[in-house]
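The chain contents come next:
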Amino acid sequence: MPTPVLMPQMGESIAEGTIVRWIKKVGDAVDRDEPLFEISTDKVDAEIPAPATGVLTEIKVNEGETVAVNSVVATIGAASEISKQEPLGSAPPPAAPSLDSVVPRDVDAPPAKPAATPRKTNGRTAAKPSEDDSRKQRSSPLVRRIARDNDVDISQIHGSGLGGRVTKNDILEYIDSETGTGDSLGAEAPGAKAAGSGTRDTGLGTRAADPGSRVEIKPLSVMRKKIAEHMVMSRRTSAHVHSVFHVNFSTVERIRQQKKAEYEQLGTKLTYMAFIAKAVVSALRRFPIVNASLDGDNVIYKKDINLGIAVALESGLIVPVIKHADEKNLLGLSRAIADIATRARSKQLKPEEVHDGTFTITNPGQFGSQFGMPIINQPQVAILGVGTIEKRPIVVDDAIAIRTMAYLTLGYDHRLVDGATGDQFMAEVKQQLENFDAQ
Amino acid sequence: MTPGVLSALRQLEVRRMGLIGYQEALELQRELVEERRANRIPDLLLLLQHPPVITLGVRSETARANVVATSERLAELGIEVHETGRGGDVTYHGPGQIVGYPILDLRPDRCDVHKYVRDLEEVMIRTCADYGIAAGRIAGLTGTWVGAEKIGAIGIRISRWITSHGFAFNVRTDLDHFKLIVPCGISDRGVTSLERLTGRTIALDAVEDALVRRFSEVFERRAA
């Protein structure tokens, strides 16, 4: 699907922009976030990155021309039309690319396997089309020929070359592993083997009831099944560790009381979650490794901060995502959180709104839990659990004082984030919340 | 302010670099922007002076027309002409003018280019106030003005919300050199400096101190 490139709004009072230079030409391949054009307003020249990966197919506004913000200035066409249209509905955010290596690849398996199994589709989504595309584009003709001859999808292969490029060795290894040697990092789990032998791989492989016992058997809902798969996959993928911090919410509580009326007038409720989101965003800025993914031998640092907020539903759990959370202030975050939570509950989320999260916040405290030990939402590397926020006795200057307190827990992937970093990240979140700057 | 609140402010590293060639500073900024983007360095404020140089903004074709001196005359005075990637038209830099290049990540809460420009103006306005000079803005004419004369110029580049280039504040600049150009393409306004306005000699490093203090204040950063 072509992506329109818009004249960005670089500030509240800015209504138009002048294109001073196109860095890319029509027909050039562009990567998401790569500088695409330069605009100028007033005394400011700004370099604008591409909103998507693909090929620049059309330039609608020439150098020197001035157009209103949000006008379409160009179009980026997809490099290829791979799997953009799978149904997503309530699927928890994407599974790690490594999931593919868990899918059995026996040579005599039915040839139609990929597109047909939902799990496969999911894995494909996970691999983030932009990287897939670039991998595909950047591989050498030789690699592409090997791929064609062996009927292999290059986007499914982990590239060890420059910028994720798939090298000849990568593809030969991949073909080797496909035919049975399977040594990639997906660590063969019992569940995966079971999937090959026809049992549903729900992660619930053990026998739960003997025949004839007094039980009622009901099939899992699609959402339940996906959650089950995702949770087991996450446990299997990441080396989970947790850090628990006790955070004083007195300052936040004071600001909340002060601003309550103001926010109500603006039509939204000022919740603790907005403060926590704000603090998390600022800590993620300082610790980019926590806003990353692990892909084989590469760390993928996410330039955007897309905050997933876990929302409990009657039938399960969904994690809608606030895109570009770092560009929102407290009011913007309050609105966004209220909006996605409401629409999650009324099932009005758009498919893309549960995608591309880079960090997740979950709030078991709302049900009274002191703290949770959350499981990472793959392919992210960390998740914040918020315990119940309540008044507790604490020691202040050698006296017992009553303060609004809560435990915050960070669940993180020790493969990528060490305890020191995880704790520093949490110390920053704590610091931000305890000294919250209402401006 | 309690220590806790103080340390909650984002850190600002100040580098005072003295006299540095324009080209060299340009390359340094380019590197620092990348470093800043990768979060390997904190927000930075470079303070420096350039040897005499005329620089042209991105709209170089129109900017060049605003250089009124012939290239022979410029060569005679030892003044270079440089094209740059910043916004704005043409300007002059030289000794006695403090140039500030902030390398900031404007995210998450300062993503507004106009606000950024207004903030830089504010830094210079407040610095003027430190010397008893009432400076202000003129609508539509970016920069810091004292009456109808400009004391501080602004030209900025923003690349995915990382800033470079910045401001130039005249302390004891050779104002005659501005006659070689039409500053910023604005022909009916003059240029001034802190020394001309106050009629006394002013120490450059004291002005740098004031700029750092005012910058930290306006941008809510903790200078280190």
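All values reported here derive from a predicted model rather than from experimental measurement.

A. Looking closely at the overall build of chain A. Assigned secondary structure in chain A consists of 11 helices and 19 strands. Per-residue burial over chain A gives 38% buried out of 439 residues. Residue pairs in contact within chain A that sit at least 24 positions apart in sequence constitute 65% of those at least 6 positions apart.

B. Expanded view of helix H2 (residues 22-37) of chain B. Residues and elements named next belong to chain B. Along its 16 residues, H2 runs 22 Å from first to last C-alpha, staying within 8% of the 22 Å computed at 1.5 Å per residue. Among all positions of H2, only Tyr22, Ala25, Gln29, Val33 and Arg36 are buried. Each buried residue of H2 sits inside an arc of 80 degrees when the element is viewed along its axis, so together they form one side. Set apart from the buried face of H2 by more than 90 degrees, the exposed residues are Glu24, Glu27 and Glu31. Within two residues after H2, Asn39 carries a phi angle of roughly 65 degrees, on the positive side.

C. Representation of the sheet that holds strand S1 (residues 3-6) of chain A. Residue and element names in this part refer to chain A. Reading across the sheet, the four strands line up as S1-S8-S6-S3 and stay open at both edges, with antiparallel pairing between neighbours. Each having just a single partner strand, S1 and strand S3 (29-30) make up the two edges of the open sheet. Pairing of S3 with strand S6 (residues 54-59) involves two bridges; the strand directions are antiparallel. The partner of Ala29 across the bridge, within S6, is Val55.

D. The nonpolar core, seen in detail. In terms of nonpolar packing, the biggest core is built from 75 residues, with Leu45, Met124, Ile151, Phe169 and Leu211 of chain B touching the most fellow members. Broken down by element, the residue count for this core peaks at eight residues, all from helix H5 (residues 113-130) of chain B. Setting aside chain neighbours within four positions, we find Leu45 of chain B in contact with Leu12, Val14, Gly100, Pro102, Val212 and Phe215 of chain B. The next biggest cluster of nonpolar side chains, apart from the first, holds 53 residues, and it includes Ala274, Ala292, Leu349 and Ile376 of chain A.

E. Spatial organisation of the packing of helix H9 (residues 272-286) of chain A against helix H10 (residues 330-345) of chain A. All names here are of chain A. Here H9 crosses H10 at 120 degrees, and the two axes come no closer than 9 Å. In terms of axis orientation, H9 runs oblique to H10. As H9 packs across H10, the resulting crossing turns out to be right-handed. Contact residues: Met273, Ala274, Ala277 and Lys278 in H9; Leu330, Leu333, Ser334 and Ile337 in H10. Its residues assigned to classes, the contact of H9 with H10 shows six nonpolar, one polar and one charged.

F. Inspection of the sheet that holds strand S3 (residues 53-56) of chain B at higher detail. Residue and element names in this part refer to chain B. As summarised here, the arrangement of the three strands in space is S4-S3-S5, forming an open sheet in which the pairing is mixed. The open sheet has two free edges, formed respectively by strand S4 (80-83) and strand S5 (90-93), since each of these has just one partner strand. Neighbour-to-neighbour, the strand axes of this sheet turn through a mean angle of 25 degrees, independent of strand direction. The strands touched by H2 within the sheet are S3, S4 and S5, with S4 carrying the most contacts at an inclination of about 25 degrees.

G. Layout of the confidence of the model for chain A. All names here are of chain A. Summarising the model, chain A shows a mean pLDDT of 77, and 74% of its residues fall at 70 or more. Of all the helices and strands in chain A, helix H6 (residues 190-196) carries the lowest mean pLDDT, 36, while strand S17 (residues 382-386) carries the highest, 97. With pLDDT under 50 throughout, residues 81-131 is counted as low confidence; its partners more than four residues away or in other chains account for 82 contacts. Confidence drops under a pLDDT of 50 for residues 179-204, and excluding neighbours within four residues, the segment shows 43 contacts in the predicted structure.

Basis of the calculations
- Residues numbered from 1 in each chain as written.
- Chains lettered and ligands numbered in written order.
- Predicted model: local features only at pLDDT ≥ 70, side-chain atom pairs only at ≥ 80, totals over all residues.
- Helix = DSSP H or I, 4+ residues; strand = E, 2+ residues; numbered from the N terminus.
- Buried ≥ 20, exposed ≤ 12 C-beta atoms within 10 Å, placed from the backbone.
- Contact = placed C-beta atoms within 7 Å.
- Expected span 1.5 Å × (residues − 1).
- Arc of directions from axis to C-beta.
- Pairing = 2+ DSSP bridges.
- Core = buried A, V, L, I, M, F, W, Y, C linked by C-beta atoms within 7 Å.
- Axes fitted to C-alpha atoms, helices over the stretch in contact; angles between N-to-C directions.
- Parallel < 35°, antiparallel > 145°, perpendicular 65-115°, else oblique.
- Left-handed = near helix turned anticlockwise from the far one by under 90°.
- Nonpolar A, V, L, I, M, F, W, Y, C, P; charged D, E, K, R; others polar.
- pLDDT = per-residue confidence, 0-100.

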